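Inside the fold
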Amino acid sequence: MRGWLNDLALGVRLSVGGGRTSWARLALSAIGIGVAVAVLLVAASVGNMSDQRELRSLADFRGDKPIAGVAPTYVRDAPTEFREKNVDVNYAVGSGANSPKPAGLPTLPKPGEMYTSPALAELLRSDAGELLRPRLPEKIVGTIDKSLVPMPGDLIAWVGADMSMAEDTLAVYEFGTVDQSSDLDPVLMALLLIGSVVLLLPVFIFVSSASRIAGAERDRRLAALRLVGSGSRQVRRIAAAESLTSAFVGLALGVAVFVVGRLFAEKIDLFGVRVYVSDVVPNPAIVVLIVLLIPAVSVLTALFALRRTIIEPLGVVRQAKPVRRRAWWRFGLIAVGIVLLTTQLGAEENSDTWGYLVTAGAALLLVGVPVLLPWLVERVAGRITGGPSSWMLAIRRLQLDSGTSARVVGGVAVVLAGTIALQTVLLSVEGDIGLPGVSDEPLGAVEVSADAALMPRIKADLTGADGVQSAYSVQHTGGYQVGSTDTSFGVAMLDCDALRGLAGVRDCADGDVFLVRDQYQESPAPGTALEWRKYANKVGAEWDPTDYHVTGTWTVPRDVERITLADQSRLYATVLVTPGAAGGAPPGDGSQATVIAGVTPDLTADQLERIRNSVAGYGWQTYVYSYNTGPELNGNQQTFVAVRTALYAGSIFTLMLAAISLLVLALEHIRERRRQLAILTASGVPRGVLGRSLLWQVALPIGLGVVVALVTGVGLAALMMRLMDQRLSIDWPGVAVLCGGAVGLSLLVSAMTMPFLRSATRLTSLRTE
Amino acid sequence: MSQPLLNATGIVKAFGPTKALDGANMSVHAGEVVAVMGPSGSGKSTMLHCLAGIIAPDAGTVTYDGRDLGAMPDQPRSTLRRTEFGFVFQFGQLVPELTCVENVALPMRLGGMRRREAEAKARDWLGRLEVGDVASKRPGEVSGGQGQRVAVARALVTGPKVIFADEPTGALDSLNGEHVMRMLTDAAKETGAAVILVTHEPRVAAYSDREVIVRDGHTRQVEFA
Amino acid sequence: MSIGHTLLGLLEHGPRHGYDLKRAYDEHFGHDRPLHYGQVYATLSRLLKNGLIEEHGVEHGGGPDRKRYAVTTDGVTDVQQWLTTPEKPELYMQSTLYTKVVIALMSARDAEVVLDTQRHAHLKAMRALTTRKAHGDLADQLICDHALFHLEADLRWLELTAARLNDLRKQVTS
């Protein structure tokens with residue numbers, strides 16, 4: 001045992017003794033490992049972050065099962081939006097003295113009072129929140145406790161209402177008592193960790209490149225140890241221990257970065273998600289795992305790298321002639337992947353097996369990239385003859401040892417291919433999300449839903465608001481087929497004005513009925529008898545489809561006109577009825593109707609807020625929803641753009657890591673061949689030739705890697721689009737950015753090796769003493 | 001005549017198509033200094049490596065102290081190199097990352113000795129060879145002659161029975177070379193170690209007690225009456 | 001061996017008498033062959049006659065041994081000239097070793113045997129010189145080094161000659 005500790009100490013001592021190059025290797029490896037550790041720690045915290053947020057949102061849960069002796073609290077949600085951020089507004093009134101309240105509130109707010117989250121309080125106090133105040137005029141009497149605010153920047157208000165709201169409002173008997181299961185699904189956790197490891201692949205490649213620094217010297221050192229009498233197992237232990245130093249330093253670095261970075265957690269907004277600093281706590285079991293695994297993996301990698309070497313007193317022996325790479329299994333892998341993606345082996349579409357096969361196919365295709373590259377570089381380099389001398393020098397070098405740089409580029413190319421595939425998929429899907437400037441722009445509108453009785457007043461308010469071009473009121477309801485339990489048809493009641501404005505119907509008179517073609521369901525045949533039903537809403541009991549009473553009947557008249565609705569009509573019905581045809585009695589129980597206010601295409605943010613404010617006076621009685629109202633993106637679109645930005649950033653980052661790895665390799669090459677290079681220069685070979693040869697050495701693998709990544713990425717995307725029956729549109733600007741980036745980085749890396757080349761070929765390197 | 005300490009018979013060793021040794025024999029007695037001479041490329045170094053058990057010959061046996069080196073597994077051979085053999089090569093044998101005193105202490109540390117104890121012994125030997133002042137320097141920072149003396153110290157520190165020296169003064173100038181040979185042979189005589197000295201220079205061979213010629217893979221020894 | 005010049009050089013340091021001169025000479029140069037008194041005095045008379053030295057007083061006791069000699073300016077000039085003129089390299093072209101070895105090699109005797117035997121003899125001598133050097137003073141070291149280098153030169157020539165003749169033989173027989 002003491003012997004092993006001794007070997008460990010020797011290994012550590014040897015890893016720090018070697019002067020500048022040794023420190024460079026240590027630093028680079030440690031930085032790479034530190035980055036990996038920090039990322040893994042964040043991944044390990046995701047479980048807790050998600051749990052805590054879940055707990056906080058569940059604190060709001062409303063239990064509506066009656067409890068004896070408890071006077072319920074009536075709660076109604078009336079959320080709004082301010083500058084495209086959601087504002088969660090809850091109106092509440094307690095029916096008794098000890099009515100329940102959520103744990104995060106000190107008391108239930110009284111009418112005219114409200115409790116807000118810290119972010120909302122700050123917003124309302126500041127100038128920026130001026131246009132929000134009309135909607136929340138109540139006095140702020142306190143702050144909502146953190147336990148009720150899921151994310152740091154959330155805008156939440158609990159506003160006091162009066163008992164007039166109680167009718168038709170949810171009666172809550174207790175808050176936040178759902179028994180939640182605490183741990184993140186272990187399967188998800190495993191997926192998350194595996195995902196992090198995959199993301200960190202370029203970092204691992206970088207660390208392995210860094211560990212190659214001064215490889216020749218390490219071989220000599222190990223041989224010297226063997227000469228002096230160390231056993232072959234002992235010398236392997238010592239070699240492995242050398243890698244431990246950077247592992248521990250990297251571990252410490254990663255933990256430090258995590259601990260410090262954590263303090264800034266609240267400032268980070270990732271796809272709209274924010275976390276509290278106190279949430280960022282990694283799972284202790286995983287922390288222990290990381291602390292144990294990182295050194296273990298580094299030792300195992302070091303030993304694995306030594307697997308085919310025999311360390312003898314006279315030198316380190318490796319296989320003399322490089323084994324010619326075989327092509328068949330590489331192409332075979334890719335072929336299997338393509339087969340899986342195109343045929344799914346006949347599995348039933350959208351079944352689980354189908355899903356697994358598709359994933360396997362995609363994975364195989366991606367794996368094919370780093371597998372194919374070394375063979376490709378070797379073959380391409382092997383075939384090339386002639387060319388200028390700088391080119392020839394580079395090719396000969398690559399012919400001799402293509403594996404190293406090909407592996408570096410390969411690992412990164414797979415990330416690039418995946419990125420290109422994802423970007424292409426996203427772009428093709430982009431049309432659906434309706435990014436401005438990308439797809440046909442539907443008209444912007446603000447919809448206000450409220451009790452039908454309020455419609456005329458709301459319509460008047462909206463019409464008068466600045467920026468509103470049109471306002472129509474529509475009442476949507478469902479007409480049930482007489483005699484059937486669940487066959488219903490969407491019916492919308494709107495006047496001719498609205499029909500003209502929304503449905504584009506030119507010829508309309510009060511009393512007309514229109515049936516819509518090509519809607520999501522068939523319209524009822526003329527003459528069908530429909531009835532309006534009010535279902536019993538027994539609290540706490542299971543919904544009974546037969547428990548209803550009919551509030552009215554209506555028959556689809558024979559004389560109808562059939563029309564087709566445009567996609568942007570916002571009418572979700574198969575039957576359009578003018579008030580005259582409804583026979584005076586509004587269909588349904590007449591409770592909910594909507595005013596649709598069309599807005600100008602170039603609506604400003606302020607105008608939007610004022611429009612919202614124009615119906616602020618109705619408080620909990622209205623529900624306001626707006627869309628396509630301006631160049632700002634809604635939540636979905638923001639997520640999409642964020643994901644795309646992240647992908648771009650990720651690919652640039654991986655390219656940079658590849659560049660640094662190649663730089664390290666190039667510098668190592670220069671160092672190893674210092675003497676030969678100096679002799680070449682002394683005998684008259686211009687430095688420019690040597691410099692260009694280094695450029696080709698870097699550029700050829702990168703070039704091949706980008707080409708393969710591009711082909712694989714686009715190919716993969718094409719196959720996936722085929723599966724989804726979507727049109728393939730390639731993100732040419734993005735591709736150009738990536739290719740340009742690769743070329744630029746090759747040039748940059750080569751430029752950065754120039755000073756080292758210069759110093760290596762200074763004639764003073766030829767001194768033998 | 002006492003039994004030889006180290007005995008090699010019928011050594012055959014080929015590297016690829018060329019035979020470096022083809023039926024070479026040699027024996028070394030305790031405490032004697034033997035020079036192995038011959039033209040360059042004649043297989044002298046190969047003979048040395050076979051004698052030390054670093055290379056396994058294709059045919060023939062090498063026995064040390066009655067033990068067959070060829071039949072020994074790697075671990076005991078390594079232990080032998082650490083405890084009973086010492087090596088002084090022309091260059092490149094000191095570990096550049098360690099200081100001179102750490103280099104000299106290395107064989108003992110590999111054997112499990114505590115650092116302090118090993119380095120004390122190392123300093124002692126460095127002093128005896130008059131290079132005590134380079135103890136904390138790295139091999140790259142000292143002159144050729146000093147470096148070779150450090151190597152000699154490392155070879156002697158474990159009290160070996162055989163020292164294998166391959167052109168130990170090859171990279172040194174005459175004066176430094178003389179100092180190193182003088183110290184090596186004196187210290188060896190003092191500790192009773194045998195020295196196997198591979199060299200092509202007669203003046204270096206003049207430090208030996210007898211010489212063995214290696215030529216075309218065979219060994220010759222000349223005896224006068 | 002230019003004894004005259006050597007004595008002059010020794011006298012440069014200061015006047016000495018004959019006995020002293022012989023002692024100094026033997027110490028530095030006479031290792032195996034000490035100088036005869038007769039030779040000393042014969043040389044001294046010659047130098048005196050040529051005006052390169054002069055008498056520098058007499059020690060009491062009389063007799064030729066007690067005369068002290070000092071170097072003259074002429075003598076100093078003579079020594080200076082001698083020291084700054086390089087010695088003609090000895091070409092060793094007629095040494096016995098050379099003759100013997102060439103005949104041996106040309107008579108188709110095994111070149112290697114000749115080489116090894118001669119080398120053995122040379123090495124034996126070199127060993128003796130090396131040991132002497134170890135226990136000697138600077139003067140010993142200087143003369144031993146001189147001898148060692150010459151012996152080594154012999155060996156080097158021997159090896160080259162053997163190689164040349166072997167080569168030639170191979171060409172002839174093939």
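Residues numbered from 1 in each chain as written. Chains lettered and ligands numbered in written order. Predicted model: local features only at pLDDT ≥ 70, side-chain atom pairs only at ≥ 80, totals over all residues.

**Re the overall build of chain C**
- Broken down by element type, chain C carries 7 helices and 3 strands.
- Its helices and strands in sequence order give chain C the pattern α-β-α-α-β-β-α-α-α-α, from N to C terminus.
- Looking at chain C as a whole, 20% of its 174 residues are labelled buried.
- For chain C, the share of sequence-separated contacts (at least 6 apart) that also reach a separation of at least 24 residues comes to 53%. (Helix = DSSP H or I, 4+ residues; strand = E, 2+ residues; numbered from the N terminus. Buried ≥ 20, exposed ≤ 12 C-beta atoms within 10 Å, placed from the backbone. Contact = placed C-beta atoms within 7 Å.)

**Here's the deal with the overall build of chain B**
- What chain B contains, in helices and strands, is 7 helices and 10 strands.
- Rg of the C-alpha trace for chain B: 17 Å, near the compact-globule value of 17 Å for 225 residues, within the 12% margin.
- For chain B, the spread of C-alpha atoms along the principal axes amounts to about 45 × 40 × 40 Å.
- Scored against the burial criterion, the 225 residues of chain B give a buried share of 54%. (Rg over C-alpha atoms; globule rule 2.2 N^0.38 Å.)

**Quick look at the domain arrangement of chain C**
- According to the domain assignment, chain C consists of domain 1 (3–84) and domain 2 (96–173).
- Put simply, the middle of domain 1 of chain C and the middle of domain 2 of chain C, counted by C-alpha atoms, are 38 Å apart. (Domains from an automatic or database assignment.)

**What about the interface of chain B and chain A?**
- At the junction of the two partners, chain B supplies 20 residues and chain A supplies 20 residues.
- For the side of chain B that touches chain A, the secondary structure elements donating two or more residues are α2 (74–83) and α3 (100–110) of chain B.
- Looking at the side of chain B that touches chain A element by element, the count peaks at 6 residues for α2(B).
- Grouping the constituent residues of the side of chain B that touches chain A by class yields 8 nonpolar, 7 polar and 5 charged. (Nonpolar A, V, L, I, M, F, W, Y, C, P; charged D, E, K, R; others polar.)

**Remarks on the sheet that holds strand β3 (residues 33–37) of chain B**
All names here are of chain B.
- With mixed pairing, the 6 strands of this open sheet are ordered in space as β6-β7-β8-β3-β9-β10. Edge positions in the open sheet fall to β6 (85–88) and β10 (218–220), since each of these has one partner strand only. The mean inter-strand angle of the sheet, taken between neighbouring strand axes irrespective of direction, is 20°.
- Bridge count between β3 and strand β9 (residues 210–215): 4 bridges; the pairing is parallel. Along β9, the bridge assignment pairs Ala 35 with Glu 211. (Pairing = 2+ DSSP bridges. Axes fitted to C-alpha atoms, helices over the stretch in contact; angles between N-to-C directions.)

**Concerning the packing of helix α1 (residues 3–11) of chain C against helix α4 (residues 73–84) of chain C**
Residues and elements named next belong to chain C.
- The N-to-C vectors of α1 and α4 enclose an angle of 115°; their axes lie 9 Å apart at closest approach. Between α1 and α4 the crossing geometry is left-handed. Of the residues in α4, those in contact with His 5, Leu 8 and Gly 9 of α1 are Gly 75, Asp 78, Val 79 and Trp 82.
- Looking at side-chain class alone, the contact of α1 with α4 contains 3 nonpolar, 3 polar and 1 charged residues. (Left-handed = near helix turned anticlockwise from the far one by under 90°.)

**Things to note about the interface of chain C and chain B**
- In this complex, chain C contributes 13 residues to the contact, which on the side of chain B involves 12 residues.
- Going through the elements one at a time, α6 (111–135) and α7 (138–173) of chain C are the ones with two or more residues in the side of chain C that touches chain B.
- Take the side of chain C that touches chain B: its biggest share by element is 10 residues, from α6(C).
- Considered class by class, the residues forming the side of chain C that touches chain B number 5 nonpolar, 4 polar and 4 charged.

**Observations concerning the sheet that holds strand β1 (residues 16–17) of chain C**
All names here are of chain C.
- Pairing in this open sheet of 3 strands is antiparallel, and the strands run β1-β3-β2 from one edge to the other. The outermost strands of the open sheet, each flanked by one partner alone, are β1 and β2 (53–58).
- Two strands pair when backbone bridges link them, and β1 and strand β3 (residues 67–71) are joined in this way by 2 bridges, in the antiparallel orientation. Following the sheet pairing, Arg 16 is matched in β3 by Tyr 69.

**With respect to the nonpolar core**
Residues and elements named next belong to chain B.
- Core analysis: the largest hydrophobic core is formed by 92 residues, its most contacted members being Val 36 and Ile 196.
- With 7 residues, α3 is the single largest residue contributor to this core.
- In contact with Val 36, not counting residues within four places along its chain, are Lys 44, Met 47, Leu 48, Ile 196, Leu 197, Val 198, Val 212 and Val 214. (Core = buried A, V, L, I, M, F, W, Y, C linked by C-beta atoms within 7 Å.)

**A closer look at unusual backbone geometry**
Residue and element names in this part refer to chain B.
- Positioned with a positive phi, Asp 65 is a non-glycine residue whose angle comes to about 50°.
- Looking at where Asp 65 falls in the secondary structure, it is placed in the loop between β4 (59–64) and β5 (67–68).
- Judged by local crowding, Asp 65 falls into the partly exposed class, with 15 C-beta atoms found within 10 Å.
- The phi torsion at Glu 130 lies on the positive side, around 65°, for a residue other than glycine.
- Here Glu 130 shows up in the loop between α4 (115–128) and α5 (144–156).
- Given 11 C-beta atoms within a 10 Å radius, Glu 130 is considered exposed.

**Details of the packing of helix α11 (residues 389–400) of chain A against helix α18 (residues 687–724) of chain A**
All names here are of chain A.
- Relative orientation of the contacting elements α11 and α18 amounts to 50°, with a least axis distance of 7 Å. With respect to each other, α11 and α18 are oriented oblique. The handedness of the crossing between α11 and α18 comes out as right-handed. Residues Ser 389, Ser 390, Trp 391, Leu 393, Ala 394, Arg 397 and Leu 398 of α11 form the contact with α18, whose participating residues are Val 689, Arg 692, Ser 693, Trp 696, Gln 697 and Leu 700.
- Of the residues in the contact of α11 with α18, the class split is 7 nonpolar, 4 polar and 2 charged. (Parallel < 35°, antiparallel > 145°, perpendicular 65-115°, else oblique.)

**As for the environment of A:Ile563**
All names here are of chain A.
- You can see Ile 563 is positioned in strand β18 (residues 561–564).
- Overall, the presence of 16 C-beta atoms within 10 Å leaves Ile 563 in the partly exposed class.
- A sequence separation of 46 residues divides Ile 563 from Arg 517, and the C-alpha atoms of the two residues are 6.0 Å apart.
- In this view, Ile 563 contacts Ala 503, Val 505, Phe 514 and Val 516; residues no more than four positions away in its chain are not counted.

**Concerning α5(B)**
Residue and element names in this part refer to chain B.
- With 13 residues, α5 should cover 18 Å at 1.5 Å per step; its first-to-last C-alpha distance of 18 Å lies within 8% of that length.
- For α5, every residue scored as buried is listed here: Gln 146, Gly 147, Gln 148, Arg 149, Val 150, Ala 151, Val 152, Ala 153, Arg 154, Ala 155 and Leu 156.
- On its buried face, α5 sits against β6, α3, α4, β7 (162–166) and α6 (174–191). (Expected span 1.5 Å × (residues − 1).)

**Regarding the environment of B:Ala24**
Residue and element names in this part refer to chain B.
- If you trace the backbone, Ala 24 turns up in strand β2 (residues 18–28).
- A residue is classified by how many C-beta atoms lie within 10 Å of it, and Ala 24, with 28 of them, is buried.
- For the pair Ala 24 and Met 47, spaced 23 residues apart in the sequence, the C-alpha separation amounts to 8.0 Å.
- If we skip the residues at most four places from it in the chain, Ala 24 touches Ala 8, Ile 11, Met 47, Val 214, Gly 217, His 218 and Thr 219.

**Describing the pairing of β4(B)**
Residues and elements named next belong to chain B.
- With 5 bridges joining them, strand β1 (residues 6–15) and β4 adopt antiparallel strand pairing. Looking across to β4, one finds that Thr 9 is bridged to Thr 61.
- Note: β4 against β5, 2 bridges, orientation antiparallel. Opposite Thr 63, over in β5, you have Asp 68 as the bridge partner.
- Where β4 folds back onto β5 in an antiparallel hairpin, the turn is made up of 2 residues, including Asp 65, whose phi is positive at roughly 50°.

**A look at the environment of A:Asp401**
- Within the secondary structure, A:Asp401 sits in the loop between α11 and α12 (403–433).
- It is 8.6 Å that separates the C-alpha atoms of A:Asp401 and A:Glu378, two residues lying 23 residues apart in sequence.

**A word on the confidence of the model for chain C**
- Averaged over every residue, the pLDDT of chain C is 82; residues scoring 70 or more account for 89%.
- Within chain C, the lowest mean pLDDT, 73, falls on helix α5 (residues 96–106) of chain C, and the highest, 88, falls on helix α3 (residues 37–49) of chain C. (pLDDT = per-residue confidence, 0-100.)

**Some details on the confidence of the model for chain B**
- Put simply, chain B has an average pLDDT of 90, and 98% of its residues get 70 or more.
- Mean pLDDT values over the elements of chain B span from 85, in β10(B), up to 96, in strand β8 (residues 194–198) of chain B.

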